[in-house]
Protein chains: 2
Amino acid sequence: MVELNERAQFLLKALTERYIREGQPVGSRTLARDAGLTLSPATIRNVMADLEDLGLVSSPHTSSGRIPTVLGYRVFVDTLLSVRPLDDAVVEKLKENLDIRHDSKNLVESVSSLLSDVTRLAGIVTLPKRENAALQRVEFLPLSGKKVLAILVINDKEVRNSILHTEREYSPAELQQYSNFLNEHFAGKTLNAVRSMLLRELRETREHLNRMMATALDMADQVLGEAEQGSGDYVLAGQTNLMEFQELCNVTTLKQLFEAFNEKSHILHLLDQCVENQGVQIFIGEESGYQMLDECSLVTAPYSVNGKVVGVLGVIGPTRMAYERVIPIVDVTARLFSAALNPRD
Amino acid sequence: MVELNERAQFLLKALTERYIREGQPVGSRTLARDAGLTLSPATIRNVMADLEDLGLVSSPHTSSGRIPTVLGYRVFVDTLLSVRPLDDAVVEKLKENLDIRHDSKNLVESVSSLLSDVTRLAGIVTLPKRENAALQRVEFLPLSGKKVLAILVINDKEVRNSILHTEREYSPAELQQYSNFLNEHFAGKTLNAVRSMLLRELRETREHLNRMMATALDMADQVLGEAEQGSGDYVLAGQTNLMEFQELCNVTTLKQLFEAFNEKSHILHLLDQCVENQGVQIFIGEESGYQMLDECSLVTAPYSVNGKVVGVLGVIGPTRMAYERVIPIVDVTARLFSAALNPRD
DNA sequence: TTTAGCACTCCCGCCGCCAGAGTGCTAATT
DNA sequence: AATTAGCACTCTGGCGGCGGGAGTGCTAAA
């Protein structure tokens, strides 16, 4: 990347900010007034021509103002952006709404709509991965017929139950024995660890195992299987906010976008890429590699439990979004959400 | 309503069918060819003028063909419609996808997307009301600290748990006592009955009650409270299908619509009105009374458990929808869904 | 009662026009 | 050498007029 002199940087910044605010291509005259510099439009035009050569701005047609290109946004975001600190009011609102009392599914939903509310864009939050969650407790309850209710206490915020269809009836006492067995052996281990231990047990010692243990293992494995299905999903909120933006307002674009949201796999793949990065990550327009997001940007931050990243949250909006506002919001929300998820007391 | 002679009826039917198929105003010439009658366009025009006077059709402008009015659709649906029996293939698909093994929340979701798939419209299914569900069983498990996990077994498909924040720790044995007490007294009663019994007990005998019972009642009441919050909600699917239709394809209409879906309260109110009616119910355009649905129709049918209506399902689409196909689909789906929800075996 | 004929209406796409905004280039100015 | 004024040029977008097409209502004939 060629170095930009200070003035060029300043003008690119001013132009981008103006365009983000107004949504209209910015002409030299306007920019001259807007930037506060005492420069004539003609000078600005020269600079603009340079920026255009560098691929940082472009004009929709011969005689219209300039708009930032994806590259222009990139430079803007990476080197020119002055992130302003968050309003206390906003921080308060975020904190208020991150009530710890909810279970984590509800929490995810409320964070998602919180993000969309505060940014007026679409909020997105992945469900926390549970692989690394410790298994606190297992219980079995008999239901009518051959059904058994299995309860998996993962932590103080998350409980999961599923109904098992078994081959015969079990007495309460029997079930109690099974769950005792499982609790003794596996409580406190992560789901993954439990699973692999189960598999080994099954393979190595099946024949010596008494039937009780074998059944308990079967059951527990079934439940674990279900527990993991939920992961790899996300909760989206405020899609309708996207309809406010001119640039997304043609029906075909919207349709593609909404269908991508429904499809989920693409978006998930994209979000996966944000897990590795520690802080806020931004995809601008085509950078995402997905055509339906060409006109959108994605601002994300991972969140974690016990120091392990377990999910990603963020917002989706038009490339022309108020990054300097959105970025700190996403950042702080991720932190607060992490804090809310982390077991304390 | 003035009686229509047979020919007028036939032509209204032909016109409506044609318009539903093509989406374009239908002119006299076209209709003459389409209807298969040996009538000249001029004759058709006379009939059309009559239908227009009756408010059954209208023309968007002086010299364009006619389209059905809401009233026209009404007559069409109520008296002219020839509902064709469902394709076996479709019925099969419906049956296949209504697997009993899911819990009811999942089932609701899959039915909703099933409806939207088959009709290519938006599917909507309310969550089943639980008021009349019998309480099968209550269990309490101690969690860490002062938290207690309460499990409410409602039926073989539905289990609900919530974490209670109590004032002190409880031993497992203690909790066992509580749940035994509750199970003895309330098992098999409906949630509503349980709740009112609880209230009476609390009022009349609080002072004589030993602390154990009081606590148990408190807990159960908390859980019941949560259990009922979920009701009055619905699951929507295939909203994007609505973007296929020309008449809904301007962004403002779409936005209103989608916001109404998010808001839920209006739609729920509308769906409530369908509970009373036994069979399929149809709101056409403005009939719904909600402006954002002016260009939409809603086709619904209630579903029931143990002979009691507990919810409503249906589809939302443009007024110009293929009623003769949609109606039986909604009807059959409601029946199959009821069947799937009803406890058997 | 039905139909042919006809004048009329309205929509829609097309074209040309014009004002407005903004550009690039050149030559003058600092 | 950098900046600026001036100017010719270009593109958009809105407006009005025009003509074809589709369809109507009415009247008079069958």
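In this report, the structure presented in the accompanying data block is examined.

Thoughts on the overall build of chain A
Then step 1. Secondary structure summary: chain A contains 12 helices and 10 strands in total.
Then step 2. Taken over the C-alpha trace, chain A has a radius of gyration of 26 Å; the compact-globule value for 345 residues is 20 Å, which it surpasses by more than 25%.
Then step 3. For chain A, the spread of C-alpha atoms along the three principal axes comes to 90 × 40 × 35 Å.
Then step 4. Buried positions account for 51% of the 345 residues belonging to chain A.
Then step 5. A fraction of 62% describes how many contacts in chain A between residues 6 or more apart in sequence connect residues 24 or more apart.

Description of the relation of the copies chain B and chain A
Then step 1. Each copy of the sequence occupies a distinct position, and chain B is placed on chain A by a rotation of 180° and an axial shift of 0.0 Å, giving an RMSD of 0.2 Å. The superposition operator between the copies reduces to a two-fold rotation axis. When C-alpha positions in chain B are compared against the rotation axis, the closest is assigned to Val251(B), at 3.4 Å.
Then step 2. Here 100% of the contact residues of chain B are again contact residues in chain A; the copies associate through an equivalent surface.

Regarding the sheet that holds strand S9 (residues 296–305) of chain A
Residues and elements named next belong to chain A.
Then step 1. Pairing is antiparallel in the open sheet, where five strands are placed in the order S7-S3-S10-S9-S8. Both edges of this open sheet fall to strand S7 (234–237) and strand S8 (281–284), since each of them pairs with a single strand only. Ignoring strand direction, the axes of neighbouring strands in this sheet form an average angle of 20°.

Let's talk about the nonpolar core
Then step 1. Ranked by internal contacts, the top residues of the largest apolar core, which has 173 residues, are Tyr323(A), Phe337(A), Tyr323(B) and Phe337(B).
Then step 2. Other than its neighbours up to four places away in sequence, Tyr323(B) contacts Ile20(B), Tyr73(B), Phe76(B), Val77(B), Leu81(B), Ile282(B), Ile284(B), Ser297(B), Val299(B) and Pro328(B).

Examining the packing of helix H1 (residues 6–22) of chain A against helix H2 (residues 28–35) of chain A
All names here are of chain A.
Then step 1. Contact geometry of H1 with H2 gives a least axis separation of 10 Å together with a crossing angle of 105°. Relative to H2, H1 is oriented roughly perpendicular. Contact residues: Phe10, Leu11, Ala14, Leu15, Arg18 and Arg21 in H1; Thr30, Leu31, Asp34 and Ala35 in H2.
Then step 2. When its residues are assigned to classes, the contact of H1 with H2 shows six nonpolar, one polar and three charged.

Some details on the interface of chain B and chain A
Then step 1. With 30 residues of chain B in contact, the opposing surface of chain A contributes 30 residues.
Then step 2. For the pair chain B and chain A, the summed buried area comes to about 2700 Å², and 60% of that belongs to carbon and sulfur atoms.
Then step 3. At the boundary of chain B with chain A, the tally comes to two salt bridges.
Then step 4. Across the salt bridge formed by Glu244(A) and Lys255(B), the nearest N and O atoms sit 2.4 Å from each other.
Then step 5. Inspection of the region where chain B meets chain A yields four residue pairs in polar contact (both at pLDDT 80 or more).
Then step 6. Counting residues per element, the ones that place at least two in the side of chain B that touches chain A are strand S4 (137–142), strand S5 (147–155), strand S6 (158–165) and helix H10 (251–263) of chain B.
Then step 7. It is H10(B) that provides the largest number of residues to the side of chain B that touches chain A, a total of six residues.
Then step 8. Class assignment of the residues belonging to the side of chain B that touches chain A gives a composition of 13 nonpolar, six polar and 11 charged.

Some words on the packing of helix H5 (residues 88–97) of chain A against helix H12 (residues 323–341) of chain A
Residues and elements named next belong to chain A.
Then step 1. Orientation of H5 relative to H12, taken along the N-to-C sense of each, is 35°, at an axis distance of 10 Å. Between H5 and H12 lies a crossing of right-handed hand. Residues Val90, Leu94 and Lys95 of H5 form the contact with H12, whose participating residues are Arg325, Val332, Thr333 and Leu336.
Then step 2. Considered class by class, the residues forming the contact of H5 with H12 number four nonpolar, one polar and two charged.

About the criteria used
Residues numbered from 1 in each chain as written. Chains lettered and ligands numbered in written order. Predicted model: local features only at pLDDT ≥ 70, side-chain atom pairs only at ≥ 80, totals over all residues. Heavy atoms only, no water. Helix = DSSP H or I, 4+ residues; strand = E, 2+ residues; numbered from the N terminus. Rg over C-alpha atoms; globule rule 2.2 N^0.38 Å. Buried < 20%, exposed > 50% of the residue type's maximum accessible area, 1.4 Å probe, protein only. Contact = heavy atoms within 4.5 Å. Least-squares fit on C-alpha atoms with pLDDT ≥ 70 in both. Pairing = 2+ DSSP bridges. Axes fitted to C-alpha atoms, helices over the stretch in contact; angles between N-to-C directions. Core = buried A, V, L, I, M, F, W, Y, C linked by side-chain atoms within 4.5 Å. Parallel < 35°, antiparallel > 145°, perpendicular 65-115°, else oblique. Nonpolar A, V, L, I, M, F, W, Y, C, P; charged D, E, K, R; others polar. Buried area = accessible area lost by both parts, 1.4 Å probe. Salt bridge = Lys/Arg side-chain N within 4 Å of Asp/Glu carboxyl O. Polar contact = N/O pair within 3.5 Å; in protein donor to acceptor, adjacent residues only side chain to side chain. Left-handed = near helix turned anticlockwise from the far one by under 90°.

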